[in-house]
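Remarks on the overall topology
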Amino acid sequence: MTEPRHDETHGGALGARLNWLRAAVLGANDGIVSTAGLVVGVAGATDDRSALLTAGLAGLLAGSMSMAAGEYVSVSTQRDSEKAALAVEKRELRDQPEAELEELTGLLEERGLSREVAREAAEQLTARDALRAHARVELGIDPDQLTNPWHAAWASFLAFTAGALLPLLAMVLPPAGWRLAVTVVSVLAALVLTGWSSARLGAAAPGRAMLRNVAGGALAMGVTYAAGTLLGAAGV
């Protein structure tokens, strides 16, 4: 008889995966809104395809590089903090093993185990891998899955680029008379999708998230289009 399979991901791996997916959705959303605001603003001032393409590409490259650099710096700082915390824990385990065993016992007690069971579990975990046990229980860190700044940077770069391509292509590919309408409709539809995705990843009701996304994107496009129109009329 075949044993039933249980492939569901638990713990840190699931949390890490959800964080990456959420970051990708948010990066794509940023790319959509910022690039849409830029090209719609320029469209308010001119209908020249070259100007629109240049502005859109500049916004795409600047935004994606900024997102990648920001994520790299942020995650590098987080990784340095994790490594420093692990180094401190390793030193404490070497210099004060009994105190660390007692600390681990107390932490397991706080999770609902009796004193006797917590002590036995702490001893077994310490005998197997003391640093990993303390890292996971005390620090909430998995030593085998430290955050990777390069992964974060590339994920943000690609997500922003994918999001930014939609309003850029929607603005430069259709005929002049259709550009603005196609861009607005495409952007609002994409924002509905990213709002729904972010809500589902967070196990929240999607309606409010979609409404926030659409309202924010519509406001951004409206403000930039009005500014571009005024500047164009002023001959700036």
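Provided above is the structure to which this section pertains.
Residues numbered from 1 in each chain as written. Predicted model: local features only at pLDDT ≥ 70, side-chain atom pairs only at ≥ 80, totals over all residues. Heavy atoms only, no water.

Side note on the overall build of the protein chain
Counted only if it meets this: The helix count covers DSSP runs of H or I at least four residues long, the strand count covers runs of E at least two residues long, and both are numbered beginning at the N terminus. Burial status follows relative accessibility: with a 1.4 Å probe on protein chains alone, a residue under 20% of its type maximum counts as buried, one over 50% as exposed, and anything between as partly exposed. Residue contacts follow a heavy-atom distance rule, with two residues in contact if any of their heavy atoms lie within 4.5 Å.
A count of helices and strands for the protein chain gives seven helices and zero strands. Along the protein chain, from the amino end to the carboxyl end, the secondary structure elements read α-α-α-α-α-α-α. Across the 236 residues in the protein chain, those meeting the buried criterion constitute 30%. Considering only intrachain contacts with a sequence separation of at least 6, the fraction spanning at least 24 residues in the protein chain is 70%.

What about helix H4 (residues 115-139)?
For clarity, the threshold we go by: To estimate how far a helix should reach, multiply one less than its number of residues by 1.5 Å.
Over its 25 residues, H4 extends only 21 Å from the first C-alpha to the last, a length that falls short of the 36 Å expected when each residue adds 1.5 Å. Within the sequence span of H4, burial applies to Ala118, Ala122, Ala130, Ala133, His134, Ala135 and Val137. Looking at the buried positions of H4, the neighbouring elements they touch are helix H2 (49-95) and helix H3 (97-110). Looking one or two residues past H4, Gly140 carries a phi angle of roughly 70°, positive in sign.

Structural notes on the nonpolar core
The following threshold applies: We define the nonpolar core as a collection of buried residues of types Ala, Val, Leu, Ile, Met, Phe, Trp, Tyr and Cys that are connected through side-chain atoms lying within 4.5 Å of one another.
Ile32, Leu52, Leu168, Met171, Val187 and Met221 are the most contacted members of the largest nonpolar core, which has 17 residues in total. Mapped onto this core, the elements with two or more residues apiece are helix H1 (11-45), H2, helix H5 (149-172) and helix H6 (179-201). Residues within four places of Val187 in sequence aside, it is in contact with Ile32, Ala36, Leu166, Pro167 and Met221.

With respect to the pattern of salt bridges
Basically, it comes down to this: A carboxyl oxygen of Asp or Glu within 4 Å of a side-chain nitrogen of Lys or Arg is what we treat as a salt bridge.
Taken as a whole, this structure holds six salt bridges when the rule is applied. Where Glu109 meets Arg115, a salt bridge forms, and the shortest distance between an N and an O atom there is 3.0 Å. Looking at Glu109, the relative accessible area reads 30%, which means it is partly exposed. Assessed through its relative accessible area of 34%, Arg115 is described here as partly exposed. Counted as one network, the salt bridges with shared partners bring together Glu102, Glu109, Arg115, Arg119 and Glu123.

Brief notes about the packing of H5 against H6
To keep it simple, the criterion reads: Only the stretch in contact is used when fitting a helix axis, every axis being a line fitted to C-alpha atoms; angles between N-to-C directions are given from 0 to 180 degrees. We call two directions roughly parallel when the angle between them is under 35 degrees, roughly antiparallel when it is over 145, roughly perpendicular when it lies between 65 and 115, and oblique otherwise. Each crossing is labelled by how the near helix is turned from the far one, with a counterclockwise turn of less than a right angle marking it left-handed and a clockwise turn marking it right-handed. Polar here means any residue other than Ala, Val, Leu, Ile, Met, Phe, Trp, Tyr, Cys and Pro, which are nonpolar, and Asp, Glu, Lys and Arg, which are charged; Gly is therefore polar.
Relative to each other, H5 and H6 sit at 160°, their axes nearing to 8 Å. With respect to their mutual orientation, H5 and H6 come out roughly antiparallel. Here the hand of the crossing between H5 and H6 comes out right-handed. Residues Leu166, Pro167, Ala170 and Met171 of H5 form the contact with H6, whose participating residues are Arg179, Leu180, Val182, Thr183, Ser186, Val187 and Ala190. In terms of residue class, the contact of H5 with H6 is made up of eight nonpolar, two polar and one charged.

Section: the environment of Val117
Along the polypeptide, Val117 turns up in helix H4. Note on Val117: relative accessible area 42%, which makes it partly exposed. With 12 residues separating them in the primary sequence, Val117 and Thr105 have C-alpha atoms 8.9 Å apart.

Some words on the side chain of Ser64
Stated precisely, the cut-off is as follows: Under this definition, polar contacts are N or O atom pairs within 3.5 Å; protein pairs additionally need one hydrogen-donor-capable and one acceptor-capable atom, and for neighbouring residues in sequence, both atoms have to be side-chain atoms.
Looking at where Ser64 falls in the secondary structure, it is placed in helix H2. For Ser64, a relative accessible area of 0% translates into the label buried. In this structure the side chain of Ser64 is engaged in a polar contact, spanning 2.8 Å, whose partner is the backbone oxygen of Leu60. Beyond its immediate chain neighbours, meaning those up to four positions away, Ser64 contacts Phe157, Phe160 and Thr161.

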